[in-house]
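The lines below spell out each chain.
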Amino acid sequence: MHFRQLILTSAVSAATACAWQGAHAADAASLTQTSEPATAPATGLPPADATLPTVTVVGDATHLPQSFDGRYATTQVLTREDLDRLSPADPSITQALATLPGVTISQNGGPGATAAVSIRGSSASQVAVFIDGIRVGSSTTGVAEWADLPAEAFERVEVISGPAAASFGADAVGGVVQLFTRRASNQPNQTTVSFGGGSNKTFDTQVRTSGSIPSTGPLSALSGLTYSLGLHDYNTAGIDATQPYTSGHEDGRNPYHAQDLDARLGYSRDNWSVSTFALYHRSDLSYDFLGGDDHQADYQLTTGLAFHLDITPDTQFDQSVGYSTDRQFIYANDPTIGTDEFNSTRLSTSTSFTHQEKGFSLFGLPLSGETKIAYDFTREQAFLPVDVPGGLPSRIDSAVSMHQSATLGPVTLFLAGRHDVVQGQTVNTGNASLAWAINSVFTARVSYGNAFRLPTFNDLYYPGFGNANLQPERSDSVEAAIDANTSYGTVTAAVYDTRVHELIAYDPVTFLPVNIGRAHIQGLDLSYKGTLGQSTPVSASVGILNPQDETDNTWLSRRPRQTASLSIDHTWDEFHLHAQSTGFSLFYGGTTFDDPANTTYLPSYLTVGLRASYKINAHLALSANLSNLFDRQYQTAYGYNSLGRTAFGKVAYTF
């Protein structure tokens, strides 16, 4: 039986079982009616007035959704505590993402170097990235500048695996990464200053302050206002990014200096809220390109404004406006070599109405649902370092979408459809998911979805190498998954089958990009996250991948066929060392190929990390970590070095 047939068979079986259980419950209810109120069954079903699970919210975002419902798609979350505990040696968010199942990273060198994120075997340009709901990424290359997204700027990271175009639009083929900036809860002002340093002459300085305006005192008129501000300076001598045999290799380290600012302001009243945020990054990276450009300066700004109104207790209105820009300057120490500039901007708006239905019953089972209608508008524009006929390339995407969910007893059905109009061309996408709460512990899910990726501006317009007639890449995917929510934590297992067609590849005859590729990707994701005992958080993941390029029967490049991670921490309460915590991490990356022809082999590798922290008092804390303990030399991109053994220590003071 083929993999996809297995998943579809599972879907039919689950639907049949759900229908049987619903009918059985209805029959049982009709046979046991008495004058006394019925008690809740032992299966853990919600009461008759139950609503759909509310999305996770924090701080000033009381009215704003933060999490995609895990019953509709496989969703993994990293909290601020997770990010602090992982303590990555590289400041980018990519090192934390790599610990999640199905997520793989390839990087061209050390900190600050170009990185690519793949989800479930997708290409880097088939992953959609959002910061506080605002789409980010370069319109010229089609990928996010991951090195410009520091882990310290985010409160929460969410990875939605699988096609999600019906909810998030273009490029959500492999999945979606949602990043949520740091924010304040309703608490007094709190300021933290930290200093860190370590291997490779690395220095890290941070200042963060957040709080809220109290309801009493001279500023009581502004009660409900929350704020958060973070400043981050990171400087490292870096490593030698390339091997001597690599084209353009230059001896010596590749320094990197980055500065980040993240700010958020929110105001909330009884039935409405408004918030705004900004994330700014600037950096300078030295890289190897002997005899040519060997420096890269990045400037990124993402900002947005969001408004929420509870029209009624069951009906909400949301409006957001966002702007993101990605500027990159490529230059050389030699003043005779000119500077190239790559610049892209994206303006987006989103308007939505959401309505919940609750308090109904059908066949003796509680019935609830949610309807959401949205309109999204995006305008992209780019500047290329060469003249483009017709002026600056731009693109407008208008989309209307509708989401409908319904929960009948233990069964939840989710349907989503989206109609995009991109420069006069229409693209329709959809998702369907059926979830069954088998009991209070296990939930099974089957789903189908399709998605598309728009050609980048480089694909379309770059003189001599562009093809303005390219069509979007398209995909369809099926998935079967089961979640177990136990007292020890959450376990998720998901199998999936994805087919991608109209892949954009370069024609060896014309040297132009054309829609000729096909890919078939199958995989298995396993994950566990929980706490053993009272003070031992554990997370583990395994990803198994079969990424085939059907055009020439090769493996898709830079997609390791196996990945695994394990992270365990412990606070030593049993020795009354409540302020002392230690932990370790393991990460395994499987074999892959670096090139489409599968002639360049990248071997597997295993890294080990250690960490410890100690809270001296309520204000002062110390931490240290040792990454790649055994100094394993490995490559995720051929010819590019990765960080070796790296030590780092930090002191933080809060007042």
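Residues numbered from 1 in each chain as written. Predicted model: local features only at pLDDT ≥ 70, side-chain atom pairs only at ≥ 80, totals over all residues. Heavy atoms only, no water.

Participant: Can you walk me through the side chain of H308 in this structure?
Facilitator: As for its placement among the helices and strands, H308 is situated in strand β13 (residues 295-312). A distance of 2.9 Å separates the side chain of H308 from the side chain of D310, its partner in a polar contact. At 2.8 Å, the side chain of H308 and the side chain of D318 are in polar contact. (Helix = DSSP H or I, 4+ residues; strand = E, 2+ residues; numbered from the N terminus. Polar contact = N/O pair within 3.5 Å; in protein donor to acceptor, adjacent residues only side chain to side chain.)

Participant: Explanation requested: the environment of Y234 in the structure shown.
Facilitator: Take Y234: it is sitting in strand β10 (residues 225-236). Between the C-alpha atoms of Y234 and T202, which are 32 residues apart in sequence, the distance is 7.5 Å.

Participant: Honestly, the sheet that holds strand β1 (residues 74-79) in this entry has me stumped. Any pointers?
Facilitator: Working definition: the strands of a sheet are paired by backbone hydrogen bonds and lie parallel or antiparallel to each other. Here 5 strands make up an open sheet; going across it, the order is β1-β6-β7-β4-β5 and the pairing mixed. Each having just a single partner strand, β1 and β5 (134-136) make up the two edges of the open sheet. Put simply, the sheet's adjacent strands are angled 25 degrees from each other on average, direction ignored. Bridge analysis of strand β4 (residues 127-131) against β5 gives 3 bridges, and the strand direction is antiparallel. Within the sheet, the bridge partner assigned to V129 lies in β5 and is V136. (Pairing = 2+ DSSP bridges. Axes fitted to C-alpha atoms, helices over the stretch in contact; angles between N-to-C directions.)

Participant: Honestly, the confidence of the model for the protein chain in this entry has me stumped. Any pointers?
Facilitator: Parts of the prediction with low pLDDT should not have their coordinates interpreted in detail. Averaged over every residue, the pLDDT of the protein chain is 86; residues scoring 70 or more account for 87%. This stretch, residues 1-66, has a pLDDT under 50; its non-local contacts, to residues over four places away or in other chains, come to 98 contacts. (pLDDT = per-residue confidence, 0-100. Contact = heavy atoms within 4.5 Å.)

Participant: Teacher, can you tell me more about the pattern of salt bridges here?
Facilitator: Pairing between side chains of opposite charge can happen when their charged atoms approach one another. Going through the model one piece at a time under the given rule, you end up with 26 salt bridges. Ionic pairing is found between R418 and D376, a salt bridge with its closest N-O pair at 3.0 Å. Within this pair, whereas R418 is found in strand β18 (residues 411-422), its partner D376 is found in strand β16 (residues 365-383), the two being separated by 42 residues in sequence. With respect to class, R418 is no different from D376; both count as buried. Between D594 and R558 there is a salt bridge; the shortest N-O distance is 2.8 Å. (Salt bridge = Lys/Arg side-chain N within 4 Å of Asp/Glu carboxyl O. Buried < 20%, exposed > 50% of the residue type's maximum accessible area, 1.4 Å probe, protein only.)

Participant: Quick question: what am I supposed to make of the pairing of strand β31 (residues 620-627) here?
Facilitator: The sheet contact formed by strand β30 (residues 605-615) and β31 spans 6 bridges and is antiparallel. Residue pairing across strands places Y614 opposite L622, the latter belonging to β31. In this structure, the hairpin formed by β30 and β31 is closed by a connection of 4 residues. By the bridge criterion, 8 bridges tie β31 to strand β32 (residues 646-654) in an arrangement that is antiparallel. Across the sheet, A621 pairs through a bridge with A652, a residue of β32.

Participant: Looking at this model, I keep getting lost on the packing of aromatic side chains. Mind explaining?
Facilitator: The description of two aromatic rings rests on the distance between their centres and on the angle between their planes. Going through the model one piece at a time under the given rule, you end up with 15 aromatic pairs. Ring plane angle 50 degrees and centroid distance 5.5 Å describe the contact between F130 and F168, whose orientation is recorded as tilted. In this pair, F130 is assigned in strand β4 and F168 in helix α4 (residues 165-168), connecting sequence segments 38 residues apart. Side by side, F130 and F168 carry an identical accessibility label, which is buried. For the pair Y267 and W272, a centre-to-centre distance of 5.6 Å together with 55 degrees between the ring planes defines the contact as tilted. Three or more aromatic residues link up through ring pairs in this structure, and these residues are Y267, W272, F307, F317 and F353. Seen from the ring of F130, R135 lies directly overhead, with NZ or CZ sitting 5.8 Å from the centre. (Phe/Tyr/Trp six-rings, centres within 6.5 Å; stacked < 30°, edge-to-face > 60°. Lys NZ or Arg CZ within 6 Å of the ring centre and 35° of its normal.)

Participant: Whenever I open this one, the pairing of β16 confuses me. Can you help?
Facilitator: The pairing of strand β15 (residues 340-362) with β16 spans 18 bridges and is antiparallel. Its bridge partner being in β16, S361 is matched across the sheet by P366. What sits between the antiparallel neighbours β15 and β16 is a turn of 2 residues, in which F363 has the positive phi angle 55 degrees. Examined bridge by bridge, β16 and strand β17 (residues 394-408) share 15 bridges and lie antiparallel to one another. Its bridge partner lying in β17, E370 is registered against S405.

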